[in-house]
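If you want the building blocks of each chain, they are given just below.
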Amino acid sequence: MMKPEEYMQQAYRCILQNDFEQAIRWFESAIHAHPQHAELYYRCSITHARSKHLVPALEYARKAVELSAGTEEYILHLQTLEAKQLTSRAKLLLEQAGIATQERYVEASTLLKEAVRLDPLSVEAHVMLALAYSDLNEFDCAIKALREAILLDPQNGQLHQMLQEIKQRMKSIQ
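Predicted model, so just to flag it, every value in this text is computed and none were measured.

**Q** Any chance you could explain the overall build of the protein here in plain terms?
**A** Secondary structure summary: the protein contains 9 helices and 0 strands in total. Ordered by position from N to C terminus, the α and β elements of the protein give α-α-α-α-α-α-α-α-α. Here the protein has a C-alpha radius of gyration of 20 Å; the compact-globule value for 174 residues is 16 Å, and the former is much larger. Taking the principal axes of the C-alpha coordinates as reference, the protein spans close to 70 × 30 × 30 Å. Buried positions account for 41% of the 174 residues belonging to the protein. Restricting to contacts in the protein with at least 6 residues of sequence separation, those with at least 24 account for 49%. By element, 52% of the accessible surface of the protein is carried by carbon and sulfur atoms, the whole surface being about 10100 Å².

Next comes the structure, spelled out in structure tokens:
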């Protein structure tokens with residue numbers, strides 16, 4: 001039987017060749033052979049996340065945290081993935097804008113507040129939270145969320161433009 005490190009070397013060889021699916025197979029084989037090895041779950045989760053496979057990435061990340069008794073790096077990775085999942089769910093709610101209701105915006109903003117708490121560096125979560133607040137006419141909260149996004153991505157002209165639009169909308173409603 002191969003050692004965990006040997007499996008990881010094979011997986012990283014695949015990653016260097018941009019063959020992420022094969023790398024995932026190596027990690028999963030390693031996990032099958034060494035089911036108590038937390039780092040294998042963590043590395044497999046990262047590879048799934050890079051391949052935009054959020055559900056398995058979350059499952060492996062949770063297992064890594066569970067097996068490692070809370071290694072900080074693994075916890076941060078899990079929180080980032082959970083924030084992505086919450087942001088995706090909120091995005092779906094907000095994209096159904098044709099049938100959006102007050103409750104939908106409230107639910108989306110609740111999901112996004114949690115996403116921002118879990119991953120304070122997610123520009124997307126901050127921007128979407130600002131949009132949800134704006135749709136609820138909670139302009140002070142919208143502006144605050146957008147200013148957080150601008151701090152994270154100060155060169156993004158679209159964010160500055162969005163801030164001006166929200167301020168305009170606030171003036172027109174008051």
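**Q** It is not clear to me how helix H3 (residues 38-50) should be interpreted in this structure. Could you clarify?
**A** Think of an α-helix as 3.6 residues a turn; residues three or four steps apart then line up on the same face. With 13 residues, H3 extends 19 Å between its outermost C-alpha atoms, agreeing within 8% with the 18 Å of an ideal straight helix rising 1.5 Å per residue. Looking at H3, one finds that the buried residues are Ala38, Leu40, Tyr41, Tyr42, Cys44, Ser45, Ile46, Thr47 and His48. Elements in contact with the buried residues of H3: helix H1 (4-16), helix H2 (20-33), helix H4 (54-68) and helix H5 (72-95). Phi turns positive, to about 65°, at Lys52, one or two residues after H3.

**Q** I tried to follow H2 on my own but got confused; where do I start?
**A** For H2, spanning 14 residues, the distance from its first C-alpha to its last is 20 Å, which sits close to the expected 20 Å at 1.5 Å a residue. Ala23, Ile24, Phe27, Ala30 and Ile31 are the residues of H2 that are buried. Looking straight down H2, one finds that the buried residues subtend no more than 120° of arc, so they occupy a single side. Those residues of H2 that are buried lie in contact with H1, H3 and H4.

**Q** Mind showing me how you'd approach the nonpolar core here?
**A** When a protein is soluble and globular, its nonpolar side chains tend to lie buried together. In terms of nonpolar packing, the biggest core is built from 32 residues, with Leu94, Leu112, Leu146 and Ile166 touching the most fellow members. Apart from the residues within four sequence positions on either side, Leu94 is in contact with Tyr105, Ala108, Leu112, Met128 and Ala132. Grouped together as the second largest cluster of nonpolar side chains are 24 residues, Tyr7, Ile15, Ala61 and Ala64 included.

**Q** What exactly am I supposed to notice about the state of the cysteines here?
**A** Note: disulfide means a covalent bond formed between the sulfur atoms of two cysteine side chains. Going through the model one piece at a time under the given rule, you end up with 0 disulfides. Of the cysteine sulfurs around Cys14, a residue in no disulfide, the closest is that of Cys44, at 12 Å. For Cys14, a relative accessible area of 9% translates into the label buried.

**Q** Before we go on, may I ask you to explain the environment of Asn137 in this structure?
**A** Within the fold, Asn137 resides in the loop between helix H7 (123-135) and helix H8 (139-152). Note: C-alpha distance between Asn137 and Gly157 (20 residues apart in sequence) is 23 Å. When sequence neighbours within four positions are dropped, the list of residues in contact with Asn137 reads Arg169 and Ile173. One polar contact links Asn137 to Arg169, side chain to side chain, over a distance of 3.1 Å.

**Q** What should I look at first to understand the packing of aromatic side chains in this one?
**A** What characterises a pair of aromatic rings is the spacing of the ring centres plus the angle enclosed by the ring planes. The tally for this structure, following the rule as stated, stands at 4 aromatic pairs. When the centroid spacing of 4.3 Å and the interplanar angle of 25° are considered together, the rings of Tyr42 and Tyr74 count as stacked. Separated by 32 residues along the polypeptide, Tyr42 in helix H3 and Tyr74 in helix H5 bring together distant segments of the chain. Each member of the pair, Tyr42 as well as Tyr74, is classed as buried.

Conventions and cut-offs
- Residues numbered from 1 in each chain as written.
- Predicted model: local features only at pLDDT ≥ 70, side-chain atom pairs only at ≥ 80, totals over all residues.
- Heavy atoms only, no water.
- Helix = DSSP H or I, 4+ residues; strand = E, 2+ residues; numbered from the N terminus.
- Rg over C-alpha atoms; globule rule 2.2 N^0.38 Å.
- Buried < 20%, exposed > 50% of the residue type's maximum accessible area, 1.4 Å probe, protein only.
- Contact = heavy atoms within 4.5 Å.
- Areas by Shrake-Rupley, 256 points an atom, 1.4 Å probe, with all protein chains shown as cover.
- Expected span 1.5 Å × (residues − 1).
- Arc of directions from axis to C-beta.
- Core = buried A, V, L, I, M, F, W, Y, C linked by side-chain atoms within 4.5 Å.
- Disulfide = S-S within 2.5 Å.
- Polar contact = N/O pair within 3.5 Å; in protein donor to acceptor, adjacent residues only side chain to side chain.
- Phe/Tyr/Trp six-rings, centres within 6.5 Å; stacked < 30°, edge-to-face > 60°.

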